[in-house]
Amino acid sequence: MRAGRAINVLISAVVTVAVAGLLATPVAAAPGAPNKLPVTYNFLDGIRAELSNPGGSLPGTNDLTCRPTRQHPHPVVLLHGSGGGRQTNWVTLAAVLKNEGYCAFAPTYGALSSVWPASALGGLGPKTDSAWDVKTFIDRVLAATRTEKVDIVGHSLGTEIPTYWMKYLGGRGHVAHYVSLAPYWRQGPDDDDARGEAVAEFRKSLGILEPTRLACPACSTPPADLNFNRAVREPTPYLPGVAYTNIVTRHDEIVTPYSVGLLDGPPGTQVRNIVVQDGCARDHSDHMSITSNRRSAALVLNALDPAHPRRVPCVAVEPFTGG
C-alpha cells in the first residue's frame, strides 16, 4: 500500500476544500427525516466538517450516553486510514449508522501531536502506538455502553490496526462483526510501517520515552521474529467467532493490486469478500470514495446486520468524492 501517496492526496484535498470555499458553502446533504441526521455522500464534506469544527466529532458519534438496542446490540467503532481522522474519514457512514439506530464511535488514533491541525491527522506514528490508542478507546466504549463486544468498520490502515488489538492487546472475544473497506491482507510491510519505525527511532534518539501503557493482564507479546505486519497476518488475520467482510474496489489507486484485500479464511472462520464493481459497473469508487457512497453504505449495513439484508443500489460513484 502506498500510504505516503494516500496522505499526500488527503492533504491536497484539505487545501482544495479550503481554497474552493466549501467551508462556507457546503455541498447539500440528503435531507433527513425528523430526528434523523442529514447524510452527505461526498468524501470532501468530511474535510469540511473538520475545518468547521476543529478537533470535534461528527454529529451522532462519540456519545458515551448512547445505549445499544436489542436490534443493534453492539456499538460500532469506525477506524480511519493513514492521515485520516474521526471526522475526515466518516462523514457518510457516521450519519448512516446513527440514523439506523447504532451507537457509533470514532477515534483519531496514531496522531503525532495533540495540537490541531496535526491532531486531526491520524495513523502516522508507530503502528503499535496506534493499536494501543485503539485499545484504550474501545475499552472506554465497552465500559460506557455496558457491552462485551463492538462491531468494527475500518478503512485502509484501520482494517489492520484492530487485528493487532484483538490478537495481542486483549481484544480477543470483544468483536462481533469486522468490516474492512479497502483492506490489504496479502501484502508485506508498507510506507506506514517504515514511517512508524522512523518516528520511533527519532523519538528514541531524542531520549523521549515510549508512551506509558496501562496494566494489561490480557495482553501478550507477538513472537520476537515477527514484525507488526507479520504479527497481524500470521498465521491468519482472522479469529473464530467474528463475522468478517472485506469490501474492495478495482479502482483503488493506493492498495494495488486491489486483490490483496481479498483473503479467504481458514476453517472455523467466517469471511465474505466483496468487490463493489461486481454487478455494478457504474461504481468507480477509489480508495477514498469507497467510504462515502450509497452502495458501500448499504454493503456495510448488510455486513453489520446480515439477518435483515437490504437492497444494495447500483449508483454512479465518482472517484474521490463518492455519490
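Could you give me a rundown of the side chain of Asp252, with the residues and numbers involved?
With respect to the element layout, Asp252 can be found in the loop between β5 (243-248) and β6 (270-275). Judged by its relative accessible area of 8%, Asp252 falls in the buried class. Among the polar contacts made by the side chain of Asp252, one reaches the main-chain amide nitrogen of Val255 at a distance of 2.8 Å. With near-sequence residues (within four places) excluded, Asp252 lies in contact with Ala182, Tyr258 and His287.

Let's hear about the nonpolar core: which residues, and what values?
Grouped together as the largest cluster of nonpolar side chains are 37 residues, with contacts concentrated most on Ile138, Val150, Ile152, Tyr164, Met166, Val175 and Tyr178. Broken down by element, this core gets its largest block of residues, 7 residues, from helix α4 (residues 127-145). Leaving out residues up to four positions away in the same chain, Ile152 has contacts with Val77, Leu79, Ile138, Pro162, Val175, His177, Tyr178 and Val179.

Give a detailed account of the packing of aromatic side chains, specifying residues and quantitative values.
Within this structure, the stated rule accounts for 7 aromatic pairs. Ring geometry for Trp185 against Tyr238: centres 6.1 Å apart, planes inclined by 70°, an arrangement best described as edge-to-face. A residue pair is termed long-range when its members are at least 10 positions apart, and Trp185 in the loop between β4 (175-181) and α6 (191-205) and Tyr238 in the loop between α7 (228-233) and β5 qualify at 53 residues. Note on Trp185: relative accessible area 4%, which makes it buried. In textbook terms, an aromatic cluster arises when at least three aromatic residues are bridged by ring pairs, as seen for Tyr178, Trp185, Tyr238 and Tyr244.

Help me get a handle on α4, residues and values and all.
Residues separated by three or four positions in an α-helix point in the same direction, a consequence of the helix having 3.6 residues per turn. Over its 19 residues, α4 runs 27 Å from end to end, which matches the ideal 27 Å to within 8%, given 1.5 Å per residue. Positioned one or two residues after α4, Arg146 has a phi angle of 60°, which is positive.

Any details on the state of the cysteines? Residues and values, ideally.
In the structure shown here, the tally under the stated rule is 3 disulfides. Paired by a disulfide, Cys280 and Cys314 hold their sulfur atoms 2.1 Å apart. Of note, the bridge from Cys280 to Cys314 carries an S-S torsion of about 90° and is right-handed in sense. On the criterion of sequence distance, the pair formed by Cys280 in the loop between β6 and α8 (294-304) and Cys314 in the segment after α8 is long-range, its members being 34 residues apart. In the protein, the cysteines engaged in disulfides, taken in order along the sequence, are linked 1-2, 3-4, 5-6.

I'd like to hear about the environment of Ser82, residue by residue, with values.
In this structure, Ser82 sits in the loop between β1 (76-79) and α3 (91-99). As for Ser82 and His155, which are separated by 73 residues in sequence, their C-alpha atoms are 8.9 Å apart. Side-chain polar atoms of Ser82 contact the side chain of Asp192, separated by 2.7 Å.

Describe unusual backbone geometry, naming the residues involved and giving the relevant values.
For residues that are not glycine, phi is negative in most cases, and the peptide bond is trans in most cases. The residue after Glu234, namely Pro235, is reached through a cis peptide bond having omega -5°. Along the chain, Pro235 turns up in the loop between α7 and β5. Omega for the bond connecting Thr256 with Pro257 falls within 30 degrees of zero, at -10°, which places this linkage in the cis form. Tracing the backbone shows Pro257 in the loop between β5 and β6. The phi angle at Ser156 is positive, at roughly 55°, despite the residue not being glycine. Assignment of secondary structure puts Ser156 in the loop between β3 (150-155) and α5 (157-168).

Before we move on, can you summarise the environment of Gly125 with the specific residues and values?
Take Gly125: it is sitting in the loop between β2 (104-105) and α4. Among the residues examined, Gly125 registers a relative accessible area of 8% and is labelled buried. Residues Gly125 and Glu197, 72 residues apart in the sequence, show an inter-C-alpha distance of 8.1 Å. Apart from residues no more than four positions distant in its own chain, Gly125 is found in contact with Gly110, Leu112 and Gly196.

Just give me the short version of the sheet that holds β1, but keep the residues and values in it.
One open sheet accounts for 6 strands, arranged β2-β1-β3-β4-β5-β6; its pairing is parallel. One side of each edge strand has no neighbouring strand; the edge strands of this open sheet are β2 and β6. Note that β1 and β2 share 2 bridges and pair parallel. Opposite Val77, over in β2, you have Phe105 as the bridge partner. This element, α3, spans β1, β2, β3 and β4 of the sheet and lies at about 175° to β1.

How would you summarise the packing of α3 against α8 if you had to cite specific residues and measurements?
The interhelical angle for the contact between α3 and α8, taken along N-to-C directions, is 45°, at an axis separation of 11 Å. One finds that α3 runs oblique with respect to α8. The chirality of how α3 crosses α8 is right-handed. On the side of α3, the interface is formed by Leu93, Val96 and Leu97, while α8 contributes Ala297, Val300, Leu301 and Leu304. Of the residues that constitute the contact of α3 with α8, the class distribution is 7 nonpolar, no polar and no charged.

So, how was this worked out
Residues numbered from 1 in each chain as written. Predicted model: local features only at pLDDT ≥ 70, side-chain atom pairs only at ≥ 80, totals over all residues. Heavy atoms only, no water. Helix = DSSP H or I, 4+ residues; strand = E, 2+ residues; numbered from the N terminus. Buried < 20%, exposed > 50% of the residue type's maximum accessible area, 1.4 Å probe, protein only. Polar contact = N/O pair within 3.5 Å; in protein donor to acceptor, adjacent residues only side chain to side chain. Contact = heavy atoms within 4.5 Å. Core = buried A, V, L, I, M, F, W, Y, C linked by side-chain atoms within 4.5 Å. Phe/Tyr/Trp six-rings, centres within 6.5 Å; stacked < 30°, edge-to-face > 60°. Expected span 1.5 Å × (residues − 1). Disulfide = S-S within 2.5 Å. Pairing = 2+ DSSP bridges. Axes fitted to C-alpha atoms, helices over the stretch in contact; angles between N-to-C directions. Parallel < 35°, antiparallel > 145°, perpendicular 65-115°, else oblique. Left-handed = near helix turned anticlockwise from the far one by under 90°. Nonpolar A, V, L, I, M, F, W, Y, C, P; charged D, E, K, R; others polar.

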